[in-house]
Amino acid sequence: MSTPTRITQADCRALDAQDPLAPLRAHFHLPEGLIYLDGNSLGAQPKAALARAQQVVGQEWGQQLIRAWNSASWIDLPQRLGAQLAPLIGAGADEVVVTDTTSINLYKVLHAALHIARSERPQARTIVSERSNFPTDLYIAQSLCQQLGFELALIEPDELPAWLQPERAASVAVLMLTHVNYRTGAMHDMAAITAAAHAQGLLTIWDLCHSAGAVPVDLSGSGADFAVGCSYKYLNGGPGAPAFVWVSPRHADRFWQPLSGWFGHAAPFQFDPQYRPASGIARYLCGTQPIVSLSLLQCGLDVFDQAQALGGMAALRKKSLALTDLFIALVEQECAGHDLGLATPREHAQRGSQVSLTRPWGAGADGQDSGAYAIMQALIARGVIGDFRAGGGPGSAHLDILRFGFTPLYVGFEDVWQAVAQLREVLDSGQWRQPRFNQRQAVT
Ligand SMILES: *Cc1c(COP(=O)(O)O)cnc(C)c1O
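Residues numbered from 1 in each chain as written. Predicted model: local features only at pLDDT ≥ 70, side-chain atom pairs only at ≥ 80, totals over all residues. Heavy atoms only, no water.

Draft legend 1. Expanded view of the sheet that holds strand β11 (residues 341–342). Taken together, the four strands give an open sheet; going across it, the order is β11-β12-β15-β14, and neighbouring strands pair in antiparallel fashion. Of all strands in the sheet, those bounded by a partner on one side alone are β11 and β14 (387–389). Pairing of β11 with strand β12 (residues 354–359) involves two bridges; the strand directions are antiparallel. By the bridge assignment, G341 is partnered in β12 with T358. Against the sheet, helix α12 (residues 312–334) makes contact with β11, β12 and β15 (400–405), and its axis sits at roughly 25 degrees relative to β12, the strand it touches most. (Pairing = 2+ DSSP bridges. Helix = DSSP H or I, 4+ residues; strand = E, 2+ residues; numbered from the N terminus. Contact = heavy atoms within 4.5 Å. Axes fitted to C-alpha atoms, helices over the stretch in contact; angles between N-to-C directions.)

Given below as C-alpha cells:
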C-alpha cells in the first residue's frame, strides 16, 4: 500500500491556476479576506445586481412608474426568468415560472398532486417524505394532510426501497423528496426513484433547493411530475429572491392549483368575475410579484449563461466534486483526533455540492451539546463562513452538523485550504470553548 501524499497549499494554488472556471469569480462581489462557504444558504452577490437595482428602482419604477409593467416587461418576468432557469433543471423553456416562495409553491404542487392521486387511486392516502427533509416542506405537507384527509409518513432514506414495493406503495399517493438533503448533502437518484415510484402509480415531487445551480438536474429526462426550488441559494438571486415551480406538461393543464389568483387567470386584465386558469405553467402564478427581487435574480442567472461558454453545469459539477473531495481529504489530513465525522456521502453520485461534518453529543464545551455550534461561530469570527444545523438532540439519529457549501462559481481550491487551516486552528487551540462562541443567536 502506498502512503497517501500530503496535500499542500501549493497544490491547491496549482489547482486554481488550472481551473477553467476561475474567471467566473470576478462576477461576484465578495468582501476582501472572507472565505464564503455558505452559498447553499444565501448565494453571494453578483456584481451586476447593484446596477440592476439602480435601474429597476431608479429608472423603471422611478421614471416609468406604472408604464414599466409594459415598457420594462415586468408583466412576464416570472416566465422570462423561468425560461432562463429552465436549462439548469432540464425543463422546457415554457414549463417553469419564478414566483412566490418554495413553501408556497410546494403547497400548490402538493395540492395538485393529491387531487390527481385522489381521482386516480382513491385508496392511496399517504404522502411519503423523509424525517430529515427541510422542515418547511413537512409543515406544508402536514397542513394539506389536515385539509384533505391524507397522512404523512416520515421515513429514513434506507427505508425508501421498501416503500416502493407493491404492498406498501399501494397506500402511497405522493412521494415528496428533496433531491439534495439540506443537512447531509446526500443526493437521490432522481431518475431511478421516479421510475420506481411511477411503476407503482405514485406521483413524485422533487424539491430542488440544494440542486438548482449546484448539480446537473434533468427533470424531463427523469420523467418527474412536479418540482419546486429556491433561487437565493446556488442561483445567487439575493435574499428572499422568489422561488420556482415546474409542472410536467403531462399534468400542467389538469387541475387548478389551489391559490387561484388573478395572475394565474387566462386573461387577468379582463377582470372577469369568474376564474379561468391560464394554460400551462402560468396558472401556477397567484398574485402581483415582487418585481425588484425578481429583477435581481436575472443577474444570478446571467452568470450561468456566462458559465455556459466554459462548459456549463457539467464543468461546474466537475469542479464542485473536486472542491468537496479536497475539503474532505484536508479535514482528514489536518483535523484528525477532533471527533469530527462525515455526514456527506463519499460516493460522487450521492453527493450534492456541500460537505457536512458531525460532532457526537457530549463533545461540547460543557460536556452537554456537540460543540458544533461554537466551532462554527469561532470559524466565522476568523472569516470562514459556513453554518450550523441542529440535530435532533441526544438519542436522535441526527447529529448536529457543521455545514460547508461549495459554490464552484466563486469558491477556489486555495479557499478550501484556508478554510481547513482555520478550522484546525479553532480545534487545536480550543478557542471555540470560549463562552462568546457558545451563545446561540436567532439565525444559525
Ligand atoms: C431552503 C429550503 C427551503 C426554503 O423555503 P422558503 O419557502 O424559500 O423559505 C425549502 N425547502 C428546502 C429543501 C430548502 O432547502
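Draft legend 2. Here's a closer look at the domain arrangement of the protein chain. Parsing the protein chain into structural domains produces domain 1 (9–36 + 312–437) and domain 2 (51–306). For domain 1 and domain 2, the distance between their C-alpha centres works out to 29 Å. With 29 residues of domain 1 at the interface, the matching set in domain 2 holds 22 residues. Taken over both partners, the interface formed by domain 1 and domain 2 buries close to 2000 Å², and the fraction arising from carbon and sulfur atoms is 61%. Considering only the surface of domain 1 that becomes buried against domain 2, M313, Q354 and H398 emerge as the three largest contributors, covering 28% of it. For the interface between domain 1 and domain 2, the tally reads zero salt bridges. For the pair domain 1 and domain 2, the number of links is eleven residue pairs in polar contact (both at pLDDT 80 or more). Elements with a minimum of two residues in the side of domain 1 that touches domain 2: α12, β12 and β15. Taken together, the residues that form the side of domain 1 that touches domain 2 break down as 13 nonpolar, twelve polar and four charged. (Domains from an automatic or database assignment. Buried area = accessible area lost by both parts, 1.4 Å probe. Salt bridge = Lys/Arg side-chain N within 4 Å of Asp/Glu carboxyl O. Polar contact = N/O pair within 3.5 Å; in protein donor to acceptor, adjacent residues only side chain to side chain. Nonpolar A, V, L, I, M, F, W, Y, C, P; charged D, E, K, R; others polar.)

Draft legend 3. Fine view of the pairing of β15. Along β15, six of the six residues are buried, which leaves the element largely enclosed by surrounding structure. Both faces of β15 are covered, namely the face carrying D400, L402 and F404 and the face carrying I401, R403 and G405. Pairing of β12 with β15 involves six bridges; the strand directions are antiparallel. Bridge pairing in β15 links S356 to R403. Examined bridge by bridge, β14 and β15 share three bridges and lie antiparallel to one another. (Buried < 20%, exposed > 50% of the residue type's maximum accessible area, 1.4 Å probe, protein only.)

Draft legend 4. How the structure looks around the sheet that holds strand β10 (residues 244–247). The seven strands lie next to each other as β4-β10-β9-β8-β7-β5-β6, forming an open sheet whose pairing is mixed. Strand pairing shows two members of the sheet lacking a second neighbour, β4 (96–98) and β6 (151–155), which therefore form its edges. Within the sheet, the average angular offset between the axes of one strand and its neighbour, ignoring direction, is 15 degrees. Bridge count between strand β9 (residues 226–229) and β10: four bridges; the pairing is antiparallel. Opposite G229, over in β10, you have F244 as the bridge partner. Strands in contact with helix α4 (residues 77–89) are β4 and β10; relative to β4, the strand with the most contacts, it is inclined by about 120 degrees. Its contacts with the sheet place helix α5 (residues 102–120) against β5 (126–130), β7 (172–178), β8 (203–207), β9 and β10, and it is angled at close to 170 degrees to β9.

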